[in-house]
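Structure at a glance
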Amino acid sequence: MYLVVGLGNPGKTYQHTRHNVGFMVVDRLAGTHSIKVTRERFSSLWGTGDIAGRKVILAKPQTFMNRSGQAVAALMAYYKLAVQDLLVIHDDLDVDFGSIKIVRSGGTGGHRGIRSIHDTLKEDQYVRVKVGIGRPRFNEAVEDYVLSPWYEDQREQVVEMVDYTAEAVTAIIADGLEKAMTVFNADRSP
């Protein structure tokens, strides 16, 4: 069983921001695979179903980004999952907009949601799908940039990027991590 967690912040204020791209991907996976992400427990919205013949839990922590680890740990404890069963989808400033990067383990890169998961689990050996949001074009502070809506000229590409990321997550589950990394880690930035 995989626990697939998309990181984001709850509420309409953050719904269409860069920091919520993890939620967007989980929503796309839920729609594609007819999984209802409507259960409210463990500080998350979540649901169970099948992707590529494998049992999965799709989850969107409702703790706000900097406490994502609490929600992840609660779901893992309830389902008795190992860290190898965890797949986290999150935004990344250091990956070019439109690209994704699949990794197992590594540092937090300053991402507060990932830092919370690392600190809570005392572990970093889980799969992460980093969704490239790129760096600010103007002089925005990073905190403002990640919590802001996409630039006007990026909005159509965001839909493609979310679709592509959902395909990558499906490939990890269906074909394994190594094969998915080979296919999806190629640069596809606009």
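Quick notes on the rules
- Residues numbered from 1 in each chain as written.
- Predicted model: local features only at pLDDT ≥ 70, side-chain atom pairs only at ≥ 80, totals over all residues.
- Heavy atoms only, no water.
- Core = buried A, V, L, I, M, F, W, Y, C linked by side-chain atoms within 4.5 Å.
- Buried < 20%, exposed > 50% of the residue type's maximum accessible area, 1.4 Å probe, protein only.
- Helix = DSSP H or I, 4+ residues; strand = E, 2+ residues; numbered from the N terminus.
- Contact = heavy atoms within 4.5 Å.
- Pairing = 2+ DSSP bridges.
- Axes fitted to C-alpha atoms, helices over the stretch in contact; angles between N-to-C directions.
- Phe/Tyr/Trp six-rings, centres within 6.5 Å; stacked < 30°, edge-to-face > 60°.
- Salt bridge = Lys/Arg side-chain N within 4 Å of Asp/Glu carboxyl O.

Val-4, Leu-29, Leu-58, Leu-87, Ile-89 and Ile-102 are the most contacted members of the largest nonpolar core, which totals 40 residues. Element by element, the count of residues in this core is highest for helix α5 (residues 155-175), at 10 residues. If sequence neighbours within four positions are ignored, Leu-58 has contacts with Val-4, Val-26, Leu-29, Ala-30, Ile-35, Val-37, Leu-45, Trp-46, Gly-47 and Ile-51. Residues Leu-3, Leu-75, Ile-117 and Tyr-126 belong to the second largest nonpolar core, which totals 18 residues.

Moving on, we get to the sheet that holds strand β3 (residues 44-51). Ordered by their spatial adjacency, 7 strands build an open sheet running β2-β3-β4-β1-β5-β7-β6, and the pairing between neighbours is mixed. Edge positions in the open sheet fall to β2 (39-41) and β6 (100-104), since each of these has one partner strand only. Pairwise comparison of adjacent strand axes, ignoring direction, gives a mean angle of 25° for this sheet. Looking at chain direction, strand β5 (residues 86-92) and strand β7 (residues 127-132) are connected through 6 bridges and run parallel. In the sheet register, Asp-91 faces β7, and the bridge partner there is Val-131. Sheet contacts for helix α2 (residues 68-79): β1 (2-6), β2, β3, β4 (54-61) and β5; angle to β3, the most-contacted strand, approximately 50°. Strand contacts of helix α6 (residues 177-184): β6 and β7, with the helix running at about 155° to β6, the strand carrying the most contacts.

This paragraph deals with the packing of aromatic side chains. Evaluation of the coordinates by the stated rule reveals 9 aromatic pairs. Ring geometry for Phe-42 against Tyr-78: centres 4.8 Å apart, planes inclined by 45°, an arrangement best described as tilted. A residue pair is termed long-range when its members are at least 10 positions apart, and Phe-42 in the loop between β2 and β3 and Tyr-78 in helix α2 qualify at 36 residues. On the basis of relative accessible area, Phe-42 is assigned to the buried category, the value being 17%. With relative accessibility at 42%, the residue Tyr-78 sits in the partly exposed group. Taking the centre distance of 6.0 Å and the plane angle of 45° together, the rings of Tyr-145 and Tyr-151 count as tilted.

For the rest of this paragraph, the subject is the pattern of salt bridges. Evaluation of the coordinates by the stated rule reveals 6 salt bridges. In this structure, Lys-60 and Asp-27 form a salt bridge, with 2.8 Å as the shortest nitrogen-oxygen distance. Placement of Lys-60 in strand β4 and of Asp-27 in helix α1 (residues 21-32) is noted, with a sequence separation of 33 residues between them. What makes Asp-27 partly exposed here is its relative accessible area of 39%. The partner of Arg-155 in a salt bridge is Glu-152, with the nearest N and O atoms 2.7 Å apart. Its relative accessible area of 40% is what places Arg-155 among the partly exposed residues.

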